[in-house]
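Close look at the chain arrangement
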Amino acid sequence: MQVSFVDLRAQYARIKPEIDQAIARVIGSAQFVLGEETERFESDFARYCGAAHAVGVNSGTSALFLILKAAGIGPGDEVITQPNSFIASAAAISHTGATPVFVDSDPATHLMVVPKIESAITVRTKAIMPVHLYGQISPMEEIRSIAEKHGLFVLEDACQAHGAKHNGTRAGSFGNAAAFSFYPGKNLGAYGEAGAVVTSDRALAERVRRLRDHGSLEKYVHTEIGYNMRLEGMQAAVLNAKLGYLDEWNDARRAHATRYRELLGDIPGLTLPVAKPENEHVFHLFVVQTPERDALAAYLKERGISTSIHYPVPIHLQEAYRHCGLNVGSFPESESAAREILSLPMYPELSDGEITYVADAIKSFFSALPQ
Ligand SMILES: *Cc1c(COP(=O)(O)O)cnc(C)c1O
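So, here's what we can say about the structure. Small disclaimer: the values here were computed from a predicted structure and weren't measured.

Let's talk about the packing of helix α3 (residues 60-70) against helix α7 (residues 202-211)
- Close contact between α3 and α7 brings their axes to 9 Å; oriented N to C, the two are set at 120°. Looking at the two axes, α3 sits oblique to α7. Crossing hand, α3 versus α7: right-handed. Between α3 and α7, the residues in contact are L66, I67, K69 and A70 and L204, R207, V208 and L211, respectively.

A look at the site of the ligand
- In the neighbourhood of the ligand, 14 residues make up the surrounding shell, with G60, T61, Q160, S181 and K186 lying closest.
- Here an oxygen atom of the ligand sits 2.5 Å away from a polar atom, N or O, in the side chain of T61.
- Within the side chain of Q160, a nitrogen or oxygen atom sits 2.8 Å from an oxygen atom of the ligand.
- If the ligand stood free it would expose 380 Å²; the protein chains cover 93% of that surface.
- For the shell around the ligand, the elements supplying multiple residues, two or more each, are α3 and α4 (88-95).
- Among the residues forming the shell around the ligand, the class breakdown is five nonpolar, seven polar and two charged.

Considering the sheet that holds strand β3 (residues 99-102)
- With respect to topology, seven strands assemble into an open sheet ordered β1-β9-β8-β5-β4-β2-β3, the strand pairing being mixed. At either end of the open sheet lies a strand with only one pairing partner, and these are β1 (53-57) and β3. Each adjacent strand pair in this sheet contributes to an overall mean axis angle of 25°, direction not counted.
- Summarising the sheet, strand β2 (residues 78-81) and β3 pair through four bridges and their orientation is parallel. Pairing of E78 across the sheet is with T99, part of β3.
- Together, β1, β8 (177-181) and β9 (195-199) form the strand contacts of helix α2 (residues 35-49), whose direction differs from that of β1 by roughly 130°.

What counts as what
- Residues numbered from 1 in each chain as written.
- Predicted model: local features only at pLDDT ≥ 70, side-chain atom pairs only at ≥ 80, totals over all residues.
- Heavy atoms only, no water.
- Axes fitted to C-alpha atoms, helices over the stretch in contact; angles between N-to-C directions.
- Helix = DSSP H or I, 4+ residues; strand = E, 2+ residues; numbered from the N terminus.
- Parallel < 35°, antiparallel > 145°, perpendicular 65-115°, else oblique.
- Left-handed = near helix turned anticlockwise from the far one by under 90°.
- Contact = heavy atoms within 4.5 Å.
- Near = heavy atom within 4 Å.
- Polar contact = N/O pair within 3.5 Å; in protein donor to acceptor, adjacent residues only side chain to side chain.
- Areas by Shrake-Rupley, 256 points an atom, 1.4 Å probe, with all protein chains shown as cover.
- Nonpolar A, V, L, I, M, F, W, Y, C, P; charged D, E, K, R; others polar.
- Pairing = 2+ DSSP bridges.

So, in structure tokens, the structure goes:
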């Protein structure tokens with residue numbers, strides 16, 4: 001048996017007529033950039049997230065960057081984020097000219113540790129960017145109260161958390177703004193690059209709308225120097241066709257996570273993902289942890305099972321961030337997680353037979369280990 005890590009073709013096979021019609025509609029209308037499909041997606045996605053506004057952009061990285069720019073963050077400023085994330089979280093900060101300041105993550109949830117935020121705040125700190133890693137929302141009440149106390153802007157990196165809930169409220173409405181990615185493999189994925197900024201702050205939404213389109217809200221009237229970071233009509237049409245399925249797909253991911261848990265429940269040496277009771281996790285990734293990670297991944301590969309690591313090198317140890325002067329030992333929890341984490345196959349169309357096959361392989365790996 002072969003088990004893919006993610007299979008986007010399986011999803012397309014299920015919704016082919018809707019996707020094909022959506023793409024044909026855009027070609028027929030010739031609204032290839034922004035246009036009606038984008039407007040429809042913006043209003044539906046804002047409503048879905050429980051926020052007043054959504055602004056479609058060309059990637060999750062652009063969404064993070066434009067939020068920071070619109071909030072006036074730039075050279076000399078510091079933004080607090082976590083080192084155990086995709087590099088885009090930090091890169092978006094660096095591109096504004098500001099400096100990312102990292103805080104370590106919780107060893108169980110891999111989310112930002114709240115008390116460490118407070119000790120990372122300096123006179124230069126302007127914002128906090130928690131990452132809802134793997135599909136679980138960060139402890140937003142505590143983060144918000146620290147932000148209020150110090151007058152800081154909060155942006156959610158919700159690029160892995162479409163539809164995730166915290167105390168019944170969806171990602172995208174906890175901070176001043178949130179960034180979503182619709183990279184093809186995300187829980188809601190386009191057929192190319194795409195992203196969105198979600199916010200209930202009208203002025204911020206308008207500034208992002210202007211910045212994504214060359215500083216312009218009216219053709220050839222440029223009130224500031226902006227960027228070309230617009231959402232394409234084709235991507236918006238694909239997202240419109242898919243949005244109605246998102247909850248069903250997230251439910252399927254949660255059911256798969258429950259099944260993995262039932263099958264892998266009590267293996268010594270294997271730690272399963274921890275979901276806080278107040279959170280409805282959407283399992284963008286199902287990440288297990290073991291000191292035998294590399295051997296386990298190789299064993300699964302031999303049996304036709306694809307896995308991945310999110311992420312093998314924490315951002316502060318990447319060559320791109322060497323100038324920050326951080327070393328091994330700077331963020332011990334993120335570093336030890338990076339050595340032990342393994343993302344198992346996870347996507348809505350995964351079958352029970354495939355999950356059982358993966359779980360059986362994991363069980364036989366651990367039972368063959370010397371005790
Ligand atoms: C995917 C992702 C991004 C970047 O999104 P792109 O659309 O690829 O630019 C940023 N942060 C996190 C946590 C992500 O998973």
